[in-house]
Amino acid sequence: MDEYMDLAIDLSDDNFEKNYGGPFGACIVKDGKIIGKGINRVLKDNDPTAHAEVVAIRKACRHIQSYDLSGCELYTSCYPCPMCLSAIIWANIKVVYYANNKNDAANIGFRDEFIYNYLNKIEKRKKEDDVLKLTCMKREEAIKVFERYETGSQKITY
């Protein structure tokens, strides 16, 4: 498991260097094999949906030629935003490991919290683990990329 999270963190660091989008990386694993990797490509592709998790889901689906990623695990450098959580659920991924948390993302300028607040106003949500198990791991390593992003000259918040 550590190797997959290490890959997600490495992808986020590499993406920080490329400046294709925010410092986010993700990979999807099925039966011990990586079937999809993604980086945030929002700026590179001018696509607000090109988050690392969504890119990884798209690649994994193409790889196995199916829209159903049941039995897969997703490793991501940060807690998924509401859009990515929805995509993860639609893809039937039941297990997600993340490194940085929602507050870490907010601290470097990402505005997921307002979407969570909006959704909470619409309806009372059940506990997240009723639908999806989310586990934080390796935050100490992943936060370093966020810290570099926060002080970097190529920071673009969107």
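For clarity, every value in this text was computed on a predicted model and none was experimentally measured.

S.K.: Can you walk me through the overall build of the chain in this structure?
M.R.: A count of helices and strands for the chain gives 7 helices and 5 strands. Taken from N to C terminus, the helices and strands of the chain fall in the order α-β-β-α-α-β-α-β-α-α-β-α. Relative to the compact-globule value of 15 Å for 158 residues, the chain shows a C-alpha radius of gyration of 15 Å, a close match. C-alpha extents for the chain along the principal axes are approximately 40 × 40 × 30 Å. With 158 residues in all, the chain has 44% of them scored as buried. Of the contacts formed within the chain by residues at least 6 apart in sequence, a portion of 62% connects residues at least 24 apart. Surface exposure of the chain reaches about 8600 Å², of which carbon and sulfur atoms provide 49%.

S.K.: Even after reading the chapter, I still don't get the packing of aromatic side chains, so can you show me in this structure?
M.R.: Taken as a whole and assessed by the stated rule, the structure comprises 7 aromatic pairs. Arranged with centres 6.4 Å apart and planes meeting at 70°, the rings of Phe 16 and Tyr 149 form a pair that is edge-to-face. Taken together, the positions of Phe 16 in helix H1 (residues 2–18) and Tyr 149 in helix H7 (residues 139–151) put the pair 133 residues apart, joining distant regions of the chain. Judged by its relative accessible area of 8%, Phe 16 is buried.

S.K.: What's the story with the side chain of Asp 104 in this structure? I'm lost.
M.R.: Mapped onto the fold, Asp 104 is located in helix H5 (residues 102–107). Here the side chain of Asp 104 touches Arg 139 through a polar contact of 2.5 Å, side chain to side chain. Excluding residues that lie within four positions of it along the chain, Asp 104 makes contacts with Arg 139, Ile 143 and Phe 146.

S.K.: Any chance you could explain a negative patch on the surface here in plain terms?
M.R.: Together, Asp 2, Glu 3, Glu 140 and Glu 141 give the surface a local cluster of negative charge. Where the negative patch is concerned, the elements lending two or more residues are H1 and H7. Here Glu 141 is to be found in helix H7.

S.K.: Would you mind going over the environment of Pro 48 with me for this structure?
M.R.: Its location among the elements puts Pro 48 in the loop between helix H2 (42–45) and helix H3 (52–64). Considered as a pair, Pro 48 and Val 96 are 48 residues apart in the sequence and their alpha carbons are 22 Å apart. When sequence neighbours within four positions are dropped, the list of residues in contact with Pro 48 reads Val 42 and Met 83.

S.K.: Help me understand the packing of H3 against helix H4 (residues 82–90) in this model?
M.R.: Packed helices, taken two at a time, are described by their axes: the angle between them and the distance between them. Remark: H3 packs on H4, axes separated minimally by 9 Å, with the N-to-C direction vectors making an angle of 25°. For the element pair H3 / H4, the angle class is roughly parallel. The crossing of H3 and H4 is left-handed. Of H4, the residues touching H3 (which contributes Glu 53, Val 54 and Ile 57) are Met 83, Cys 84, Ala 87 and Ile 88. Of the residues assigned to the contact of H3 with H4, the class counts are 6 nonpolar, no polar and 1 charged.

S.K.: How do you make sense of empty space enclosed by the protein when you look at a structure like this?
M.R.: Think of a ball as big as a water molecule: rolled over the atoms, this probe shows where empty space is left. Inspection of the entire model under this criterion finds 1 cavity of 30 Å³ or more. Of the voids in this model, the largest cavity is the one considered here, and its volume is about 30 Å³. Around the largest cavity sit Lys 102, Ala 105, Ala 106, Phe 110, Asp 112 and Glu 113, which together line it. The set of elements that each furnish at least two residues to the lining of the largest cavity consists of H5 and helix H6 (112–122). Top contributing element to the lining of the largest cavity by residue count: H5, with 3 residues. Split into classes, the residues belonging to the lining of the largest cavity amount to 3 nonpolar, no polar and 3 charged.

Rules used in this analysis
- Within every chain, residues take consecutive numbers counted from 1 along the sequence as written.
- For a predicted model such as this one, the threshold for reporting local features is a pLDDT of at least 70, and the threshold for listing and counting side-chain atom pairs is 80 or more; totals across whole chains, interfaces and linings nevertheless cover every residue.
- Water and hydrogen atoms play no part in the side-chain values, which are based on all heavy atoms of the structure.
- Only DSSP runs of H or I covering at least 4 residues are called helices, and only runs of E covering at least 2 are called strands; the numbering of each starts at the N terminus.
- We take the radius of gyration over the C-alpha atoms and set the globule estimate at 2.2 Å times the residue count to the 0.38 power.
- Exposure is judged per residue with a 1.4 Å probe applied to protein chains only, and the accessible area is read against the type maximum: over 50% gives exposed, under 20% gives buried, and values in between give partly exposed.
- Contacts are assigned to residue pairs that have any heavy atoms within 4.5 Å of one another.
- We get accessible surface area from the Shrake-Rupley algorithm with a probe of 1.4 Å; when it comes to residues, only the shown protein chains can shield them.
- Pairing of aromatic side chains here covers Phe, Tyr and the six-membered ring of Trp, requires ring centres within 6.5 Å, and sorts the geometry by plane angle: under 30 degrees stacked, over 60 edge-to-face, intermediate tilted.
- The term polar contact refers here to a pair of N or O atoms within 3.5 Å; inside protein, the definition further demands a hydrogen-donor-capable atom paired with an acceptor-capable atom, and it admits residues adjacent in sequence only when both atoms are side-chain atoms.
- To count toward a patch, a residue needs a relative accessible area above 30% and no salt bridge. Like charges then connect within 9 Å, nonpolar side chains (Val, Leu, Ile, Met, Phe, Trp, Tyr) within 5 Å.
- Salt bridges are defined by distance alone: a side-chain nitrogen of Lys or Arg within 4 Å of a carboxyl oxygen of Asp or Glu.
- The charged-residue count follows a simple rule in which Lys and Arg add positive charge and Asp and Glu add negative charge, with His and chain termini not counted at all.
- A charged residue contributes its charge at one atom only: NZ of Lys, CZ of Arg, CG of Asp or CD of Glu.
- Fitting a line to C-alpha atoms yields each axis, with helices limited to the stretch in contact; the angle taken between N-to-C directions then spans 0 to 180 degrees.
- Each angle is binned into one of four classes, with values under 35 degrees roughly parallel, values over 145 roughly antiparallel, values of 65 to 115 roughly perpendicular, and all other values oblique.
- Note on convention: the crossing is left-handed when the near helix lies turned anticlockwise from the far helix by less than a right angle, right-handed when the turn is clockwise.
- Charged residues are taken to be Asp, Glu, Lys and Arg, nonpolar residues to be Ala, Val, Leu, Ile, Met, Phe, Trp, Tyr, Cys and Pro, and polar residues to be all remaining types, Gly included.
- Think of a 1 Å grid over just the protein atoms. A cavity is a set of points where a 1.4 Å probe fits yet cannot get out, a pocket is an open set with protein on both sides within 12 Å along at least five of seven lines, and lining residues have an atom within 4 Å of a point.
- Grid points are joined across faces, edges and corners, and a volume is the space filled by probe spheres set on the points.

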